[in-house]
Amino acid sequence: MTAHTAPIALDFDEGIDRKTLRRLRDRFMAVNQHRWERARSALTYRQQAVLEVLPLVFHLNHPALPGYLDNDCPYGVSHYQPTEPTLNAARRLARTFSLKDEGRRKPDLEALFLMGSPGTLGHSVASDLDIWLCHRHDLPERGVRCLERKAESLASWASTLGVELHVFVFSAADLRAGRQRAEVTGENCGSAQHYLLLDEFYRTSIHLGGCYPLWWLIPVNDEGRYDECARQLIECRFIRGDEYIDFGPAVSIPKEEFLGAGVWQLYKGIDAPWKSILKLLLIECYARGESQPLLSRVFKAAIYAGETNPDRLDPYVLLYQRLEQWLLKEEAPERLALVRQSLYLKAGLPLTRSAQLVSSWRTRLLQALVDDWGWSNAEVGNLDNRVRWRAEDVVALRRAVVAELTHSYRLLSRLARDHGTRAAISSNDMNLLGRKLYAAFQRKAGKIEQINPGLAPSLAEENLAFHHHSEQGGSAGYDGWLLYRDLEDPSDAFWQPVIRRSGNLTELMVWCYCNGLLGRSTRLNVRAGTSTASVAELREMLDALSSFLPFPVEPASRETLSRSVHSLRNLLFVNVGLDPQAYLTERGLHKLSARHDSLGFSGGRENLVNSIDQVTLNSWHEVSLQHYAAGDTLIQCLKNVLASVAGAPDRLPEIMVHSHNKGHGATIARRVKELFTDVMRHFFAGGMGPHPLRYVIEMDRRFFVLRFNGTEPGFVALESREALMGYLAKPQENYVPVVFDPHALLDDLPLRTVCHASEPGNIQVFYRLSGEKARVWVVDELGSVFSWEQAYVNRRYLLVPLLRFLENLTERRQLRQLDTVADISGTQCYEVVLPDGQWRAERRPDADSSVPLPGLEVQAIGIQEGDSRVRFDIFCGDQEFTVQEYGNQLIPAVAHYIRSLRHSQERYPAYLTDIHLPHDLDPQVYQQDIQTIQYLYYRSELENALNQHL
């Protein structure tokens, strides 16, 4: 066939003839045949079978052929007759296959096309095959579903031969009407584009069988009246309508499609940038150059004009020529250089190693382009040797790629906005694509940047050297690190380029690992300077990272991107480059006691967790790092982990902890993991939460209480045991139990026992007897804990005054709540005992509370005077002592009166039998129901004051 034949002109107004139409169709089919042969030649011998038998397996529903499901699956390709090579290929796959006459039946399928890069300069063995399978428009839904299942079965079969096959099942009527069955996936543009996809189809498709595209027969100049010409061809019987399939005209691209298409190409470009850059620039070119025809129309016009040379009709060549013409006019040499680079890398043919390549049309065509560009051997060699690229090379190229992708996205978005149109993409697809872009390219604090999104095969280094800043004679107090390659002699550091600088060794390690520089075979060199880092520690960190996150970091799936982001797992590196025991050893503290808790080590209760590096992998597969080295590092890290979990309490992240094995590393790691696991187990029990509770941690001679305010975690640091008890005694808005870290307050196990026995809605009295002393705890209805110690004479005098006081409070509440069905429990009494080595709270009857005690009934009535502290009038029996009368001498006066009524000089305490508090106890807040703990507080204050004067 010659490269150029006589032009064909169709004039619908003057008249057309069937012979010319057949000649035109045959010319398209001749170009089609060249494309098919080129597509086949790019496949291996085994892979060629997929391309050869595809039309046949849909034409026949034969059980011996691949993809067979059942007898009911639709089949039959319109006007298809298998060739002898196709039948031979089928017999090689299935020896029992034989072609049977199906008789005259209406075929279910109209046509089959291969589209995209096959048969073009951009095709390779690694390219996938995208098939359009077009069924008749009236096929029942059940039949369509069956075809889709058969397509999936065929894709699985093709994958065993090394072919990535995607079959898209639809009808031409659905395509013309814009009815999309698919959502965005790795191979489907979903709702993102229609006309752009049709433009690509018309200039890249290969007809495999069935009806021919009616578009072939409509001249470019007549596409404005496409439907009229199509009716004329069919109704005047110039062609048989059942021999052609109509996808509609490829007119100019609507403005509303540019944003969706642009975002879609960005989605693809994250993992495979070269093809997407070319398509993004074409979309921008289309958007800017309204006078320029679509490439599909250029392709059709060339065939009408007699062009049949497959090289000049190659879709990638036509694409490049359009972009070159546009970018030269725009005076954008940098962008043109990126286009040429993208086309070369998409072709995947290393021309500098042409001696190793099988001579082919692709090699010849690419070499002609490179010669036309004027590239030197060095430029070509640099692209051919991507396997030797280093991190610095990739970073520079990635910057150019991301800049181009970002530029295209913003420009297309602005064009769509300026024209006042809506993007032709569903909001769901838009969010999905935006999230993938965000996860891949968005910079944010702590995020580990992925520098090699398909740019180079590998960035692995044979040797890496980690140098502490102090080794370079840097300023004191700066803990930064520098990364070199092949650096054995530290003095050479001044002459070698730095791959990367970081203020944190862990960040440098994670960056190297996630970007493939660092692997198990990499030789390491460490110059630790003022730190304690070593090769052994870095090797352990690498092992931990490998267990935590397999390399390469796979992109997130569509399903996870469609949901809100949450943490999947956290890896905590504790004390990287630090020896927490160095300071203790100098002081001899490691010998002072047998305490081995890493958060309260030795006699000085020292916290061995000095720094934490938190590496997080989230559900969008972003890797981030947060460094904690100042203040209460462990609590800050724990708080941030809890904050990330609060948004998804049903999906608790996995916690991994590593600390270098030198000294107590394994013990520290185990202790930290136990703490994080226990905290999350309590706050998010049952996959819900955060639950209201106060979690107490003892660390470094202090106490920390974690709790949530809504979904925001916070903590309170308390310097002493007394401060902790004061905090636990504070009023609560709702019942909030107290939970202790298993290692906290081990020297006050009775308090742990009391808090563990707490129940909501109850007032509980606990006591522990110890010789002539008794410790009493009251846990009120909202979980507040009040405690004191007093002399012990007998159980009656210990409990009856307190129980009587609490009964009076309960009685008043019942009277106030008669109009409700409130279930107010009485006071429950427990003794804290140690019967068999385990502390227990055992229930004790409170019958003694009904036995009267000798003495006066002493009541206090609270009075709130402005913003001043509440003051009390006191009644001793019938005797009244008021603030108005006695002022600051009120307490001494009451004490004097009580002493005057006693018959002996023996000193013993006085007890309040009742107390009333004003509802505006806090001037800023009116309290309808005052909490029991508040009554106990003022009772204790008044009793202590009275007893000091007795």
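Throughout this document, residue positions are counted from 1 along each chain, in the order its sequence is written. At least 70 in pLDDT is required for a residue's local features to be given in this predicted model, at least 80 for side-chain atom pairs to be given and counted, and no such filter applies to totals for whole chains, interfaces and linings, which use all residues. Water and hydrogen atoms were dropped before computing side-chain values, which therefore reflect all heavy atoms in the structure.

## Description of the sheet that holds strand β17 (residues 712-718)
One bridge is not enough; two strands pair if DSSP finds at least two bridges between them. Under the scheme used here, helices are H or I runs from DSSP no shorter than 4 residues and strands are E runs no shorter than 2 residues, and both carry numbers assigned from the N terminus. As summarised here, the arrangement of the four strands in space is β17-β16-β15-β18, forming an open sheet in which the pairing is mixed. Strands with a single pairing partner mark the edges of an open sheet, and in this sheet they are β17 and β18 (738-740). Taking each pair of neighbouring strands and ignoring which way they run, the sheet shows an average axis angle of 25°. Of the pairings in the sheet, the one linking strand β15 (residues 694-699) to strand β16 (residues 702-709) comprises five bridges and is antiparallel in character. Across the sheet, the residue bridging to E698 is F703, located in β16. In the packing of helix α23 (residues 721-728) onto the sheet, contacts are made with β15, β16, β17 and β18, and the angle to β16 comes to roughly 20°. Whenever a helix is involved, its axis is fitted only over the stretch in contact; in every case the axis is a line through C-alpha atoms, and angles between N-to-C directions fall within 0 to 180 degrees. Whether two residues are in contact is decided by their heavy atoms, any of which lying within 4.5 Å being enough.

## With respect to the nonpolar core
Here, nonpolar core means buried Ala, Val, Leu, Ile, Met, Phe, Trp, Tyr and Cys residues that are tied together by side-chain atoms lying within 4.5 Å of each other. For every residue, the accessible area obtained with a 1.4 Å probe (protein chains only) is divided by the maximum for its type, and the residue is called buried under 20%, exposed over 50%, and partly exposed between those limits. The biggest cluster of nonpolar side chains holds 139 residues, and the ones touching the most others in it are F247 and F466. Here F247 is in contact with F113, W132, C134, F170, A172, L175, R176, L198, F201 and Y202, once residues within four sequence places are set aside.

## A word on the confidence of the model for the chain
A score from 0 to 100, pLDDT tells how confident the predictor is in each residue. Looking at the chain as a whole, the pLDDT averages 87, with 89% of positions reaching at least 70. Confidence over residues 182-188 falls short of pLDDT 50; this stretch has 30 contacts with residues more than four positions distant or in other chains.

## Examining the packing of aromatic side chains
Note on aromatic pairs: the rings of Phe, Tyr and Trp (six-membered ring only in Trp) are paired at centre separations within 6.5 Å, and the planes decide the class, stacked below 30 degrees, edge-to-face beyond 60, tilted for the rest. By the definition in use, this model includes 26 aromatic pairs. Geometrically, the ring pair formed by F786 and W788 is tilted, given 5.8 Å between the ring centres and 55° between the ring planes. W788 matches F786 in its accessibility class, with the two residues each being buried. Here, over-ring charges are defined by two tests on the NZ atom of lysine or the CZ atom of arginine: distance to the ring centre within 6 Å, and angle to the ring normal within 35 degrees. Taking the ring centre of W215 as reference, the NZ or CZ of K300 above it sits at 4.0 Å.

## Observations concerning the pattern of salt bridges
Should a side-chain nitrogen of Lys or Arg be within 4 Å of a carboxyl oxygen of Asp or Glu, the pair is scored as a salt bridge. In the structure shown here, the tally under the stated rule is 52 salt bridges. Here R312 ties to E307 by a salt bridge, and the two come within 2.8 Å at their closest N and O atoms. The class for E307 is buried, based on a relative accessible area of 12%. In this structure, R485 engages E392 in a salt bridge whose closest nitrogen and oxygen atoms are separated by 2.9 Å. Residue R485 is located in strand β8 (residues 481-485), and its partner E392 is located in helix α15 (residues 391-418); the two are separated by 93 residues in the primary sequence. Taking relative accessible area as the criterion, E392 reaches 29% and is therefore assigned partly exposed. Three or more residues are tied together by salt bridges with common partners; here these are R105, K106, D108, R136 and D138.

## What about helix α27 (residues 890-901)?
Multiply 1.5 Å by the residue count of a helix minus one, and that product is the helix's expected span. Taking 1.5 Å per residue as the helical rise, α27 with its twelve residues ought to reach 16 Å, and the 17 Å between its terminal C-alpha atoms agrees with that figure. Among the residues of α27, L890, I891, A893, V894, A895 and I898 are the ones counted as buried.

## Overview of the packing of helix α10 (residues 295-304) against helix α11 (residues 315-330)
How two helices sit against one another is set out by the angle between their axes and by the gap between those axes. The geometry of α10 relative to α11 is characterised by a closest axis approach of 10 Å and an angle of 115° between their N-to-C directions. In terms of crossing hand, the pair formed by α10 and α11 is right-handed. Contact residues: α10 offers L295, V298 and F299, while α11 offers L318, L319 and R322. Residues are sorted three ways: Asp, Glu, Lys and Arg are charged, Ala, Val, Leu, Ile, Met, Phe, Trp, Tyr, Cys and Pro are nonpolar, and all the rest, Gly among them, are polar. Grouping the constituent residues of the contact of α10 with α11 by class yields five nonpolar, no polar and one charged. Two helices cross in a left-handed way if the nearer one is turned anticlockwise from the farther one by less than a right angle. They cross in a right-handed way if the turn is clockwise.

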